Amino acid sequence: MRNFRVLLVLPLLFCLLGVTGCATRNTESTATHQTSPSYLLQHSGVLSIAEKRIALRGVIKLNPAQRNARVVIMNDMGMKLLVAEIIADGYEGYESHKIFASPFLRMIPSFYAESMHCIYEMFLAPNPGTSALTVTTDGTKQIGSREFAVHTIIKGSQSSYTMELFLTSGSEKDS
């Protein structure tokens, strides 16, 4: 019986002295968590190819710290034409992953490759302005801690197309 009383008293004593650590554990995190902003940008645009004009809208989720972007391109009615992710790989270029491409866009030769190249050049390239694309911008809009072009005109490397973009809205989010 005496052993049983000692067994009952010991846990009580441990709790009172804080030996088990349950009541005295510091639950505050001492690690600092650095968040980097991501941006959600909405554009409207016009793609001109062989004297045809196609109205487009696009949404880009840009994460400059991770050097990636997710893009959704839609027609003027809101139908998805392209969904893709682009990841800059250091200073040598990028890789892209096509998630969805409509049959309509597959009929336009090199649309996907040119779109990914434009997005890389505009948002992820370490040295913008060193490509074969002709990019002209007009005006800037401050979104969070970064400035973005309000109006952009992109001419393809062989002038086979022209893309005119207008930044319609944007927001900064912590990622």
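Just so it is clear, the model here is predicted, and its values are computed rather than measured.

Undergrad: Tell me what's going on with helix α3 (residues 111-124), and back it up with residues and numbers.
TA: Spanning 14 residues, α3 covers 19 Å between terminal C-alpha atoms, matching the ideal 20 Å at 1.5 Å per step. Among the 14 residues in α3, 10 count as buried, and that is most of the element.

Undergrad: Now, about the sheet that holds strand β2 (residues 52-63): what can you tell me, with residues and values included?
TA: Reading across the sheet, the 8 strands line up as β5-β4-β3-β2-β1-β8-β7-β6 and stay open at both edges, with antiparallel pairing between neighbours. This sheet does not close on itself; its edge strands, each paired only once, are β5 (94-101) and β6 (134-143). In this sheet, neighbouring strand axes are inclined to one another by 20 degrees on average, regardless of whether the strands run parallel or antiparallel. With 11 bridges connecting them, strand β1 (residues 37-49) and β2 associate as antiparallel partners. By the bridge assignment, leucine 41 is partnered in β2 with isoleucine 60. Strands β1, β2, β3 (68-75), β4 (80-88), β5, β7 (146-155) and β8 (161-174) of the sheet are contacted by α3, whose axis makes an angle of about 50 degrees with β4.

Undergrad: Any details on the packing of aromatic side chains? Residues and values, ideally.
TA: Remark: the centre distance and the inter-plane angle together describe each pair of aromatic rings, the angle taken between the planes. According to the stated counting rule, one finds 3 aromatic pairs in the structure shown. Ring geometry for tyrosine 39 against phenylalanine 148: centres 5.2 Å apart, planes inclined by 65 degrees, an arrangement best described as edge-to-face. Of this pair, tyrosine 39 sits in strand β1 while phenylalanine 148 sits in strand β7, placing them 109 residues apart in sequence. For tyrosine 39, a relative accessible area of 3% puts it in the buried group. Through a chain of ring-to-ring contacts, three or more aromatic side chains come together here, namely Tyr39, Phe123 and Phe148. Across from the ring centre of tyrosine 112, 4.7 Å away, lies the NZ or CZ of lysine 98, which sits over that ring.

Cut-offs applied
- Residues numbered from 1 in each chain as written.
- Predicted model: local features only at pLDDT ≥ 70, side-chain atom pairs only at ≥ 80, totals over all residues.
- Heavy atoms only, no water.
- Helix = DSSP H or I, 4+ residues; strand = E, 2+ residues; numbered from the N terminus.
- Expected span 1.5 Å × (residues − 1).
- Buried < 20%, exposed > 50% of the residue type's maximum accessible area, 1.4 Å probe, protein only.
- Pairing = 2+ DSSP bridges.
- Axes fitted to C-alpha atoms, helices over the stretch in contact; angles between N-to-C directions.
- Contact = heavy atoms within 4.5 Å.
- Phe/Tyr/Trp six-rings, centres within 6.5 Å; stacked < 30°, edge-to-face > 60°.
- Lys NZ or Arg CZ within 6 Å of the ring centre and 35° of its normal.

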